[in-house]
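Summary of structural features
Read off the chains here:
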Amino acid sequence: MQDSLNPTASAPQAPLQRATRAQFAKEDDKEMLRAVRDITKDLGTASPAIYWTDTLISAAVGYAAMAGAILTQSTGVAVLLGLIAALALYRALMFIHELTHIRRDALPGYRMGWNLLVGIPMLTPSFMYEGVHVIHHKRTQYGTIEDPEYLPLALMKPWSLPAFVLIAMLAPFAFLLRSAVLVPLGAIIPPIRKLVWERFSSLSINPDFRRRPPEGDLKARVIWLEAIASIWAIALLASTQFVGWRPLLIALSILSLTAVLNQLRTLVAHLWENEGEPMTVTAQFLDSVNVPPPGPIAEIWAPVGLRYHALHHLMPSIPYHALPEAHRRLATQLGQGSTYDGANHTGMFELVVRIARSTMVRR
């Protein structure tokens, strides 16, 4: 009875304010960064069994479903198998992200195995990400014009969002043209070789990015990966003279769906609100996105740990299979309303709506 007479007893609590990028534009949340380091310091060991098993199963399911889609005479079955193939191969392909972060001696033979199983068959060998993605993680280059993986999409025109996603449909055809035609031409014509390397040899979204020549171990790896990928691409085109165009076109269509899925995931991997200035680590974190459980669908569209993309930006060395445990610890210890909680979102739809609304604001 007394509580009912007390206006403060039944008053609803004000909703917690989410941490924002602007709050930490000049200075980091050092307490959070220290907690992240301390709480996750035992989670940096990659498990070869998990990496190999996940990759092998994903690739096997993907290629088997693709073969079924090509061989079946039923349109409905072909569509279903094509969807399964696209999802499985999407997961297998996303291990290219892990290759850029794992230590050289952590998974013996895995880089070569992945290239032979996934990278070369899908015409996206690992060098297209190695040496490129690390720039996206550099403290002074994230979100700037030098970042190959950043566009201020939230600050662009509304039509840029569907264009950004739909252009990915052409990626498999572009990869085929690159490996079968441009790379062989570049082997004998230096200006073409320079153009192909600078503009068409990285999985980047920034049209102003120009890739520098490869150095060290990467230089030798590029040579043999390019050669094998070119032979494979030429063989694919030559096969049409014996089995027709249908198998190749079905395969490319499946990979187009895979590319669109990845582009949708990329669209919501960040909030894309930076206008080109360098950012603090905390601001970079809050410009990035976690989509933690509950919500099992996120594991489909953001596989191999990519649903914890913001956490990955804080601790890029943590292997994908340890990210769920790292997030659980941090969410429990730091709590709701913390800076860490500011990067957690409910799903793709919420993020797309947020970015779309931002593009409609007149600037």
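Criteria and thresholds
Residues numbered from 1 in each chain as written. Predicted model: local features only at pLDDT ≥ 70, side-chain atom pairs only at ≥ 80, totals over all residues. Heavy atoms only, no water. Core = buried A, V, L, I, M, F, W, Y, C linked by side-chain atoms within 4.5 Å. Buried < 20%, exposed > 50% of the residue type's maximum accessible area, 1.4 Å probe, protein only. Helix = DSSP H or I, 4+ residues; strand = E, 2+ residues; numbered from the N terminus. Contact = heavy atoms within 4.5 Å. Arc of directions from axis to C-beta. Axes fitted to C-alpha atoms, helices over the stretch in contact; angles between N-to-C directions. Parallel < 35°, antiparallel > 145°, perpendicular 65-115°, else oblique. Left-handed = near helix turned anticlockwise from the far one by under 90°. Nonpolar A, V, L, I, M, F, W, Y, C, P; charged D, E, K, R; others polar. 1 Å grid on protein atoms, 1.4 Å probe; cavity = no way out; pocket = protein on both sides within 12 Å on 5 of 7 lines; lining within 4 Å. Points joined across faces, edges and corners; volume = space filled by probe spheres on them. Phe/Tyr/Trp six-rings, centres within 6.5 Å; stacked < 30°, edge-to-face > 60°. Salt bridge = Lys/Arg side-chain N within 4 Å of Asp/Glu carboxyl O.

**Re the nonpolar core**
- Counting residues in hydrophobic clusters, the biggest one holds 76 residues, and the most contacted among them are Y51, M66, Y110 and W114.
- At 10 residues, the largest contribution of residues to this core is made by helix α12 (residues 246-267).
- Leave out the neighbours within four places in its chain, and Y110 touches Y51, W52, T55, F95, L99 and I102.
- Within the second largest apolar cluster, 21 residues are counted, among which are F24, L286, Y340 and A343.

**With respect to helix α2 (residues 30-39)**
- The complete set of buried residues in α2 reads M32, A35, V36 and I39. The arc that holds every buried residue of α2, seen down its axis, measures 100 degrees, which confines them to one face.
- In this fold, the buried residues of α2 make contact with α13 (281-286), α15 (309-314) and α16 (323-334).

**Section: the packing of helix α4 (residues 75-93) against α12**
- Two elements in contact, α4 and α12, have axes whose closest approach is 8 Å; the angle formed by their N-to-C orientations is 55 degrees. As summarised for this structure, α4 and α12 are arranged oblique, according to the angle between their axes. Where α4 crosses over α12, the two elements pack in a sense that is right-handed. On the side of α4, the interface is formed by G82, L83, A85, A86, L87, L89, Y90 and L93, while α12 contributes I254, L255, L257, T258, L261, N262 and R265.
- For the contact of α4 with α12, the residue count by class is 11 nonpolar, 3 polar and 1 charged.

**Concerning empty space enclosed by the protein**
- If you walk through the whole model with that rule in mind, you get 2 cavities of 30 Å³ or more.
- Of the volumes computed, that of the largest cavity is approximately 50 Å³.
- Every residue lining the largest cavity is listed: R265, V268, A269, V289, V291, W301, A302, L306, R307 and H309.
- A breakdown of the residues in the lining of the largest cavity according to their chemical character gives 7 nonpolar, 1 polar and 2 charged.
- Empty space within the second largest cavity amounts to approximately 30 Å³.

**Describing the packing of aromatic side chains**
- Tallied over the full model, the rule gives 10 aromatic pairs.
- Considering the side-chain rings of W52 and Y110, the 5.3 Å spacing of their centres and the 85 degrees angle between planes classify their relative orientation as edge-to-face. With W52 in helix α3 (residues 48-71) and Y110 in helix α6 (residues 110-119), this pair connects stretches of sequence that are 58 residues apart.
- On the basis of relative accessibility, which here comes to 26%, the residue W52 falls in the partly exposed class.

**With respect to the environment of G305**
- Within the element layout of this structure, G305 appears in the loop between α14 (298-301) and α15.
- Taking the C-alpha atoms as reference points, G305 and M94, 211 residues apart in sequence, are found 9.3 Å from one another.
- Setting aside anything within four residues of it in sequence, one finds G305 in contact with Y320 and L323.

**Quick look at the layout of surface pockets**
- Counted as a void, the second largest pocket has a volume near 780 Å³.
- Around the second largest pocket sit 25 residues that line it, and E130, G131, V134, R211 and L218 are the ones nearest its centre.
- For the lining of the second largest pocket, the elements supplying multiple residues, two or more each, are α7 (133-136) and α11 (216-243).
- Top element by residues in the lining of the second largest pocket is α11. It accounts for 3 residues.
- Class assignment of the residues belonging to the lining of the second largest pocket gives a composition of 9 nonpolar, 3 polar and 13 charged.

**A word on the environment of A326**
- Structurally, A326 can be placed in helix α16.
- Along the sequence, A326 and W301 sit 25 residues apart, while their C-alpha atoms lie 20 Å from each other.

**Points about the packing of α3 against α12**
- Put simply, α3 and α12 touch, their axes get as near as 9 Å, and they point 135 degrees apart. Considering their axes alone, α3 and α12 lie oblique with respect to each other. In terms of crossing hand, the pair formed by α3 and α12 is right-handed. Here α3 contributes M66, A69 and I70 to the contact with α12, which in turn contributes R246, P247, I250, A251, I254 and L255.
- Taken together, the residues that form the contact of α3 with α12 break down as 8 nonpolar, no polar and 1 charged.

**Looking at the pattern of salt bridges**
- Per the counting criterion, the structure on display carries 15 salt bridges.
- Here R354 makes a salt bridge to E273, at a shortest N to O gap of 3.1 Å. Taken as a pair, R354 in helix α17 (residues 348-359) and E273 in the loop between α12 and α13 lie far apart in primary sequence, 81 residues in all.
- A relative accessible area of 35% places R354 in the partly exposed class.
- E273 sits in the partly exposed class, given a relative accessible area of 22%.

Just geometry here; none of it tells us what the structure is for.
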